[in-house]
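# Structure at a glance
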Amino acid sequence: MEIERKFTIRELPDDLDSYPCHLIEQAYLNTDPVIRVRKEDDVYYLTYKGSGMLAREEYNLPLNQDAYRHLLDKADGRIITKKRYVIPLKRFRPNDQEGLSVELDIFEGELAPLIIAEIEFPSKEAAETFVPPEIFSEDVTFDPRYHNSNLSKKP
């Protein structure tokens, strides 16, 4: 089960380069239900996501590079590329005791300059009671325009 909230942000942290960064490329074979292929650094996988906005089922299956490339050729829409920085929530809220991380996605190509912060939670209750730090702007969790599967669709 994936339970996450998404936010736009007011500004990038000035120490962004001090956090781990992953290079992500992904494309969608289907958007309802969501079936995605992704390359994250040198790891490849196929993902199935169930319906939902805040919480939904998610299954990842490993792929090798050849299988990924084969499926990538069959994808609809644009290929999404982004840099994902993984930042402990403590960076923004020093008294945080939850041990959560912010996944800060900086989109490239046609989707630049879009930046989205995502936080995955251990429970729906934790997600629903979360108070975002000041650096976060708009809560876009329930806005389908900010789902990567919809971002992949060319206008």
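A separate point is the nonpolar core. Among the nonpolar cores identified, the biggest contains 23 residues, and Ile87, Val102, Leu104, Ile119, Phe121, Phe130 and Phe136 are the most heavily contacted of them. Of all the elements in the fold, those that place two or more residues in this core are β1 (2-9), β7 (76-88), β8 (101-107), β9 (115-120) and α2 (124-129). Filtering out sequence-adjacent residues up to four positions away, Val102 remains in contact with Tyr85, Val86, Ile87, Leu89, Phe92, Ala117, Glu118, Ile119 and Phe136. In this structure, Ile80, Ile116, Val140 and Leu151 belong to the second largest nonpolar core, which totals ten residues.

As enumerated under the stated definition, the model contains six aromatic pairs in all. Pairing Tyr44 with Tyr68 gives two aromatic rings, centres 5.1 Å apart and planes at 45°, and the pair type is tilted. With Tyr44 in strand β4 (residues 43-49) and Tyr68 in helix α1 (residues 65-72), this residue pair connects regions lying 24 residues apart in the sequence. In this structure, Tyr44 and Tyr68 share a single accessibility class: buried. On the basis of an interplanar angle of 55° and a centroid distance of 6.3 Å, the ring pair of Phe92 and Phe136 is categorised as tilted. Pair noted here: Phe92 is in the loop between β7 and β8 and Phe136 is in strand β10 (residues 136-139), with a separation of 44 residues, a long-range link. Residue Phe92 is classed as buried on the basis of its relative accessible area, which comes to 16%.

Next up on the list: the environment of Tyr28. Its location among the elements puts Tyr28 in strand β2 (residues 21-31). If near-sequence neighbours (up to four positions away) are discounted, Tyr28 is found in contact with Val34, Ile35, Arg36, Ala75, Asp76, Ile80, Asn148, Ser149 and Ser152. Reaching out from Tyr28, the side chain makes a polar contact with the side chain of Gln26 at a distance of 3.1 Å.

On to the pairing of β4, then. Each regular strand carries side chains that alternate between the two faces of the sheet. Here β4 lies mainly inside the structure; five of its seven residues are buried. Where strand β3 (residues 34-40) and β4 come together, seven bridges link them in antiparallel fashion. Looking at the pairing, Arg38 lines up with Tyr45 of β4. Taken together, β3 and the strand that follows it, β4, pair antiparallel across an intervening segment of two residues, in which Asp41 is found at a positive phi of about 60°. Sheet topology places β4 next to strand β6 (residues 58-63); six bridges connect them, and they run antiparallel.

Here is what the cut-offs are and how they apply
- Residues numbered from 1 in each chain as written.
- Predicted model: local features only at pLDDT ≥ 70, side-chain atom pairs only at ≥ 80, totals over all residues.
- Heavy atoms only, no water.
- Core = buried A, V, L, I, M, F, W, Y, C linked by side-chain atoms within 4.5 Å.
- Buried < 20%, exposed > 50% of the residue type's maximum accessible area, 1.4 Å probe, protein only.
- Helix = DSSP H or I, 4+ residues; strand = E, 2+ residues; numbered from the N terminus.
- Contact = heavy atoms within 4.5 Å.
- Phe/Tyr/Trp six-rings, centres within 6.5 Å; stacked < 30°, edge-to-face > 60°.
- Polar contact = N/O pair within 3.5 Å; in protein donor to acceptor, adjacent residues only side chain to side chain.
- Pairing = 2+ DSSP bridges.

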